[in-house]
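Examination of the molecular architecture
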Amino acid sequence: MDYFNDRDGVIHAEDVPLPEIAERFGTPCYVYSRATLERHWRAFDRAFKDHPHLICFAVKANSNLAVLNVLARLGSGFDIVSVGELERVLAAGGDPSKVVFSGVGKRQDEIRRALEVGIRCFNVESEPELLQIDRIAGEMGVRAPISLRVNPDVDAQTHPYIATGLKENKFGIDIHSAASIYTLAAAMPNLRVVGIDCHIGSQLTDLAPFIDAIGRVLKLADQLCASGIHIEHLDLGGGLGIRYREEHPPEPAAYAAAISYQLAERPYEVILEPGRAIAGNAGVLLTKVEYLKSNDHRHFAILDAAMNDLLRPALYQASQDIVRVVQETDADPLRYDLVGPVCETGDFLGKDRTLALNEGDLVAVRGSGAYGFTMSSNYNSRPRAAEVMVDGDQAYLVRERETLASLFAGEHQLP
Ligand code: LLP
């Protein structure tokens, strides 16, 4: 459930009508709802109330400082994949002792900085990375908390670009060789083995692959325990899907119940790294119809937002709901392809959508709060969109629209 609702024929973000936001901040712009972010984070937190847990929001889904700050105030932890994300978390008031660091290619400077601020855990993805972290921790005179990200080889049944738990993916360490690498890690002087980590993919709409993966991870935990390696937590990653159009993903409560059931009496703290399930439906991309045009085959609505603003449709053929912001219209419904001004055939935000549109109308692309702005670019020298957060009846600009001057501010011509 989210707080983008139709009131008297106009879509509001909480108590603020979207046309007011378009008027004040311009389009295209991302609009987030604080109440929705909080509601979704709490749904995870409450679902585990009877079990020790830490909800670490996956920063890659939405790294705006205001978003991170709203979650940090709830006590959220954070899952990061770069020092850039770490600095954002710190700048937003996040607690470094609740940060887990994922990713296959952590650089030395990134490891150093994470050790310096005292993160909760490194999710290590290879043996060379383990050696690197041990060496750097040794130089710094600290012990680095680590878990191994294991690849449980389960099919997440999602888009191949966002499935990460199969043998052929670059992620993690084969679960079958994990025990021996844990033994190596436990013997390294500057490491502290604290957990097991796995993440099998994103936008999962079925519990079965999660249950399958947890079963395999628990088997490894038992095996480690028998060999004298006692871990404290299981990090089960992110991946719970959301409803974009017709999907029916499980609620966080059902997901938590399945995890708790499998854990049974085992004492491990559960760490989760949800991104999309918290932020996805907490944001819309607000955009204006610039032109309508038709040929013998199709009707096109050309928007002022494009693939550089929201890449998901172009990259994953993702289908997100696109709705009129003001219901009343004298236009007739037609089947439109909603496209942007970028010079690529793949530049569309939606295809075959029946909508009644006039030039100048506002439409909202729903489900854009996760992997929306964070994946945006300046392609075609388009300044990135503004970001706005609504809190009750107030709308705040949380990231300014980029200026044309900023597009080439760091560039230099030859003498
Ligand atoms: N933890 C790790 C290690 C991850 O790699 C990811 C996402 C997450 C957590 C968060 O997953 P979530 O709960 O958001 O599903 N750009 C794609 C999604 C890429 C996901 C990458 N990893 C999209 O727009 O669908």
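Predicted, not measured: the structure shown is a model, and the values here were computed from it.

Section: the domain arrangement of the chain
- Partitioning the chain into structural domains gives domain 1 (4-31 + 280-407) and domain 2 (34-277).
- Between domain 1 and domain 2, the C-alpha centre-to-centre distance is 32 Å.
- Opposite the 20 residues of domain 1 that make contact, domain 2 presents 19 residues.
- For the side of domain 1 that touches domain 2, the element with the most residues is strand E20 (residues 386-391), which contributes four residues.
- Here the side of domain 1 that touches domain 2 is composed, by residue class, of eight nonpolar, seven polar and five charged.

Observations regarding the site of the ligand
- Every one of the 22 residues lining the ligand counts as a neighbour, but Ala 58, Ser 202, Gly 238, Gly 275 and Tyr 371 are closest to it.
- Residue assignment for the shell around the ligand shows that the elements contributing at least two residues are helix H10 (276-279) and helix H11 (312-316).
- Partitioning the shell around the ligand into residue classes produces ten nonpolar, eight polar and four charged.
- When residues of the shell around the ligand are sorted by domain, at least three fall in each of domain 1 (4-31 + 280-407) and domain 2 (34-277).

With respect to helix H1 (residues 18-25)
- Looking at H1, one finds that the buried residues are Leu 18, Ile 21, Ala 22 and Phe 25. One side of H1 carries all its buried residues, which in axial view fall inside an arc of 100°.

Some points on the UniProt feature "binding site: pyridoxal 5'-phosphate" (unreviewed entry) in the chain
- UniProt feature "binding site: pyridoxal 5'-phosphate" (unreviewed entry): in the numbering of this structure it lies at Gly 239, Glu 273, Pro 274, Gly 275, Arg 276 and Tyr 371.
- Within the secondary structure, Glu 273 sits in the loop between strand E13 (269-272) and H10.
- Its 26 C-beta neighbours within 10 Å are what place Glu 273 among the buried residues.
- Relative to the elements of secondary structure, Arg 276 occurs in helix H10.
- Judged by C-beta crowding, with 27 C-beta atoms within 10 Å, Arg 276 ranks as buried.
- In this view, Arg 276 contacts Ala 61, Ser 202, Gln 203, Ile 242, Ala 370 and Tyr 371; residues no more than four positions away in its chain are not counted.

The rules behind each value
Here the residue numbers are simple positions, counted from 1 along each chain's written sequence. Per-residue local features of the predicted model are confined to residues with pLDDT of at least 70, and side-chain atom pairs are confined, for both listing and counting, to 80 or more; whole-chain, interface and lining totals are unaffected and use all residues. Segment limits for the domains were obtained from an automatic or database-derived domain assignment. C-beta atoms are first placed from the backbone for all residues, and any pair lying within 7 Å is then listed as a contact. Here a helix means four or more residues in a row that DSSP labels H or I, a strand means two or more in a row labelled E, and each is numbered from the N terminus. Each residue gets one label: Ala, Val, Leu, Ile, Met, Phe, Trp, Tyr, Cys and Pro are nonpolar, Asp, Glu, Lys and Arg are charged, and the others, such as Gly, are polar. Note on definitions: a residue is near a molecule or strand provided its C-beta atom, placed from the backbone, lies within 6 Å of it. Burial is judged by counting the other C-beta atoms within 10 Å of a residue's own C-beta: 20 or more makes it buried, 12 or fewer makes it exposed, and any count in between marks it as partly exposed, with every C-beta position built from the backbone. Here, the arc refers to the directions that run from the helix axis to the C-beta atoms. UniProt positions are given in the numbering used here, feature names are shortened, and annotations may be inferred rather than shown by experiment.

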